[in-house]
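Residues per chain are reported as follows:
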2 protein chains.
Amino acid sequence: MTENDIFRALADPTRRAIYEKLAAGGMNASALREGIEISQPAMSQHLSVLRSAKLVREERHGRFVNYEIDPEGLALIAQWLAKYRAYWPQRIEALKILLKDMDR
Amino acid sequence: MTENDIFRALADPTRRAIYEKLAAGGMNASALREGIEISQPAMSQHLSVLRSAKLVREERHGRFVNYEIDPEGLALIAQWLAKYRAYWPQRIEALKILLKDMDR
DNA sequence: CCAACACATAAGCGTACACTTATGCGATTC
DNA sequence: GAATCGCATAAGTGTACGCTTATGTGTTGG
């Protein structure tokens, strides 16, 4: 769950696609495969990487495993980003939102 | 300068170390090598990757090349992070405490 | 029970990545 | 103007990565 795990996990476009899909709502591994052309083992391996980076967490339901976004990973990214606050461009809306929340 | 370039660039711990060092202030490639055990070509290659990801920008001064943080890359990361705002942990307060702990 | 299912793990393979040594190139210095 | 300096590029190499096929593990329904 290190900073290194996080960035390495996000370096792969397929994993970012999986992550984005999960952002729309939690779902199991099979459902995640729909729309993305990927084999079952590949998906399982990607989820394993995302899980050990704390970007995603699992919840067993019988033989199904429901996956969802893990806020812990996002927090670590936010921490990393905060270190470079001095260089944040002023006129980015997304940053303003981030700033507001973190200043609270 | 795609999202992919950014995350791939940050996936390498050496490049993150270079980036962090630049956050303390712009400097040339030779100065960047001090403290980090790295060959001159390796440094040049890392800087090239960071540059094409818009994480860093260069400024030629004679035979020296001064490197500095490029806010554009940070903006893209912030945009990416903003997409998952719904999952940001509520207790940003705790996040800030964590930040201070990491600063030692 | 046992067959089908959801998912994980193992082993092998091609490719991308980060490094090395060697060389090139433009700018300064003497 | 030749040597040196700061940096970039080329070419080669070991390793990590993401994929595949095959198999294992636990669960559920008929």
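This text follows the structure it describes.
Caption draft 1: How the structure looks around helix 4 (residues 40-52) of chain A. Residue and element names in this part refer to chain A. Across its 13 residues, helix 4 extends 19 Å between first and last C-alpha, which sits within 8% of the 18 Å expected from 1.5 Å per residue. Every buried residue of helix 4 is listed here: M43, H46, L47 and L50. Taken down its axis, helix 4 places every buried residue within 100 degrees of arc, on the same side. Buried positions along helix 4 lie against helix 1 (3-10), helix 2 (13-23), helix 3 (29-33), strand 2 (56-61) and strand 3 (64-69). Where helix 4 begins, the side chain of S39 points an oxygen toward the backbone nitrogen of A42, at a separation of 3.2 Å.

Caption draft 2: A look at the nonpolar core. In this structure, L55 and W80 of chain A together with L55 and W80 of chain B are the most contacted members of the largest nonpolar core, which totals 54 residues. With 6 residues, helix 5 (residues 71-82) of chain A is the largest single contributor of residues to this core. If we ignore the near neighbours within four places in the chain, the residues touching L55 of chain B are I6, A9, L10, Y19, L50, E68, I69, D70, G73 and I77 of chain B.

Caption draft 3: Here's a closer look at the packing of helix 1 of chain A against helix 5 of chain A. Residue and element names in this part refer to chain A. Put simply, helix 1 and helix 5 touch, their axes get as near as 10 Å, and they point 100 degrees apart. Here helix 5 runs roughly perpendicular to helix 1, going by the angle between their axes. Contact residues: helix 1 offers E3, I6, F7 and L10, while helix 5 offers G73, L76, I77 and W80. Here the contact of helix 1 with helix 5 is composed, by residue class, of 6 nonpolar, 1 polar and 1 charged.

Caption draft 4: Inspection of the sheet that holds strand 1 (residues 27-28) of chain B at higher detail. Residues and elements named next belong to chain B. Across the sheet, which stays open at both edges, the 3 strands sit in the order 1-3-2 with antiparallel pairing between neighbours. This sheet does not close on itself; its edge strands, each paired only once, are strand 1 and strand 2 (56-61). Note: strand 2 against strand 3 (residues 64-69), 6 bridges, orientation antiparallel. The residue of strand 3 that forms the bridge with R57 is E68.

Conventions used here
- Residues numbered from 1 in each chain as written.
- Chains lettered and ligands numbered in written order.
- Predicted model: local features only at pLDDT ≥ 70, side-chain atom pairs only at ≥ 80, totals over all residues.
- Heavy atoms only, no water.
- Helix = DSSP H or I, 4+ residues; strand = E, 2+ residues; numbered from the N terminus.
- Expected span 1.5 Å × (residues − 1).
- Buried < 20%, exposed > 50% of the residue type's maximum accessible area, 1.4 Å probe, protein only.
- Arc of directions from axis to C-beta.
- Contact = heavy atoms within 4.5 Å.
- Polar contact = N/O pair within 3.5 Å; in protein donor to acceptor, adjacent residues only side chain to side chain.
- Core = buried A, V, L, I, M, F, W, Y, C linked by side-chain atoms within 4.5 Å.
- Axes fitted to C-alpha atoms, helices over the stretch in contact; angles between N-to-C directions.
- Parallel < 35°, antiparallel > 145°, perpendicular 65-115°, else oblique.
- Nonpolar A, V, L, I, M, F, W, Y, C, P; charged D, E, K, R; others polar.
- Pairing = 2+ DSSP bridges.

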